[in-house]
Every structure is written in C-alpha cells, then in structure tokens.
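Geometric and topological summary
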Amino acid sequence: MNLTVKTRLEEYGYYEVRIPMKSVFYLLDTAPYGSEKAFGALNAAAVSLNRMQVTLGLYGDGIYLIAAGQDSRKLGVPNLSDILYSYGELRVLVHEPSLFERGLFGETLIETVELVDEEDFFESMENSDCVIRF
Amino acid sequence: MKTLTIVLTDGPYISEYAEIACKLTENALKRYQVNIFLYLDAVQIPKKGQNPSFVTSTGELFTGLAEKGAVIRACARCAAARGYIAEEETANGSNCKDYLPGIKISSLYELSEMISKSDRVISLSR
C-alpha cells in the first residue's frame, strides 16, 4: 500500500510521489470491558488509519470484541463492538481457532471482520512493520 | 540517526516493563533517537513525588532519560482520566504540574506519528 503525496517542482508542474506506507498490527488478546485495553487498541488503531496501513488482530479473549448485540449501557462505557463496526476502513483479523475454543464459531458476529486460521494470522503479524500488543 | 519508539501500557511497579524500557533506552540513546509513548496506565509513570520503598522511583528514571535526549510523551485522554491535566504553559520541559520535568502530555496522534517515523518499534505490555 502506498501513501500518495502531491508535490510540485517548478520545471515539471505537479506530480505524484508514492511512498510505501508503513504497516502496524495492533494485537488485542484481552476481552472488552474488563480493562481499558480494548478501548485503547481501538483508539490507537483509529488515529493511525490516515498515516499507516493498520490491522487490528483479535486473538484469545480479544475475539469477544466482535460478538454482536453487546449492551454496555449498564457499565456506563461505550459499546466497543459498535465502535469497531463504525471503523469500516480498519482491517480486523480474527484468529479463528480462538473463536472455536470459546464456542463462538457460528454465533452472530459483527460483519466487518476477516476470520483467518493460525498461519494467516501469524503471517500477517510477521509481515507488518511493527506489532503493538495490548 | 535511526529512531526507536517504545510503547508502554503498564503503570510503574506493577511490572518490570518501565525499568526494562529505561535500560533499553539508556543503551539505545548511544545510537538511536529514542521516543517513548506512555499509553493507558503508563501515564502514571512520570508522576511527581513517587517514593517506593525498595526500588528506584520509575518517574526519576524517566525524567533522567528525558534529560539525556529521549522524547517522552503521554496520551492526553489516558492522562486526563487519571487526573493529569495538560496546561498551556510549559515549565521544566513538562506541560503538566503533576509530572516530572521533561515529560509532556500529548495527543494520541503523536503515537501514530512516532510509529510511522520510526525504524524500530518495541511494545511492552502485559
């Protein structure tokens, strides 16, 4: 993925420069609401969207973030799955074995995510320029 | 000069990550520009007046790193949630009266900027 920058040289007029965009993988393995980590990961991912190629990887208990129909009103905190759903441009990778282990495979999940096997999940981490763990 | 960014999310004393970040930074500063971004509970690290009984004050370690040239920034939202307020005026290299010198409260966008401009990023989180 490239970041396109329009620049200008006196002799050539405007032209485009394509700079390889840095990639960042935010890894979340903590369930939402029990700590600030899921909210923190979502915020960090959101502010990175314009500057980098961003992937949010959900692993282990982190996969609870994509369970549909969450109601956090009594906790007095925002509905984190709604926030995740609203970031349509954010690539969300979900570690499928974690879904199986927690009996969530086949349950209703939010739609804007990709389910991937262990190999693809770790390949995506490995291919990212940096991994930030929450 | 290459740039290293360290991202911390743990507060002081609950884990060794703050001390590990200090040791990494001390050594890295010989060859790298070092940025440290304090996120979530890590915004507690620069609090003034820490007096742990058996270990060195993590805040003092970090203010020492800032003196040596490390750029240390704390997330504004996380800081405000814990009662650390960014002020207009900057004194002793800090914009928060409850913080030790050299460490500033900044926007979360600075995390993204630090990461995008770094050659290496290390994340220390439990």
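Use the structure listed above.
Remember, it's a predicted structure, so these values are computed and weren't measured experimentally.

1. Structural notes on the packing of helix 1 (residues 17-28) of chain B against helix 2 (residues 58-67) of chain B
All names here are of chain B. Relative orientation of the contacting elements helix 1 and helix 2 amounts to 25°, with a least axis distance of 10 Å. Comparing the axis directions of helix 1 and helix 2 gives the class roughly parallel. Note that helix 1 runs across helix 2; the crossing there is left-handed. Contacts between helix 1 and helix 2 involve Ala 18, Glu 19, Cys 22 and Thr 25 on the former and, on the latter, Thr 58, Leu 61, Phe 62 and Leu 65. Along the lines of polarity and charge, the residues of the contact of helix 1 with helix 2 split into five nonpolar, two polar and one charged.

2. With respect to unusual backbone geometry
With a phi close to 80°, A:Tyr33 is a non-glycine residue in the positive phi region. Mapped onto the fold, A:Tyr33 is located in the loop between strand 3 (23-28) and helix 1 (37-48). Positive phi, normally seen in glycine, also occurs at B:Leu40, with a value near 50°. Along the polypeptide, B:Leu40 turns up in the loop between strand 2 (32-38) and helix 2.

3. Comments concerning the sheet that holds strand 4 (residues 103-106) of chain B
Residues and elements named next belong to chain B. Strands sit in the order 4-3-2-1-5 across an open sheet of five strands; the sheet is parallel. The sheet is open, and its two borders are formed by strand 4 and strand 5 (120-124), each paired with just one other strand. Within this sheet the neighbouring strands show an average axis-to-axis angle of 25°, counted without direction. Bridge count for strand 3 (residues 71-75) against strand 4 is four bridges, and the pairing is parallel. Residue pairing for strand 4: Ile 72 is matched across the bridge by Ile 103.

4. Focus: the nonpolar core
A:Tyr26, B:Leu8, B:Leu38 and B:Tyr39 are the most contacted members of the largest nonpolar core, which totals 67 residues. When residues no more than four places from it in sequence are discounted, the contact partners of A:Tyr26 are A:Ala41, A:Ala44, A:Ala45, A:Leu56, A:Gly57, A:Ile132 and A:Phe134.

Here is what the cut-offs are and how they apply
Residues numbered from 1 in each chain as written. Chains lettered and ligands numbered in written order. Predicted model: local features only at pLDDT ≥ 70, side-chain atom pairs only at ≥ 80, totals over all residues. Axes fitted to C-alpha atoms, helices over the stretch in contact; angles between N-to-C directions. Helix = DSSP H or I, 4+ residues; strand = E, 2+ residues; numbered from the N terminus. Parallel < 35°, antiparallel > 145°, perpendicular 65-115°, else oblique. Left-handed = near helix turned anticlockwise from the far one by under 90°. Contact = placed C-beta atoms within 7 Å. Nonpolar A, V, L, I, M, F, W, Y, C, P; charged D, E, K, R; others polar. Pairing = 2+ DSSP bridges. Core = buried A, V, L, I, M, F, W, Y, C linked by C-beta atoms within 7 Å. Buried ≥ 20, exposed ≤ 12 C-beta atoms within 10 Å, placed from the backbone.

None of this, on its own, says anything about what the molecule does.
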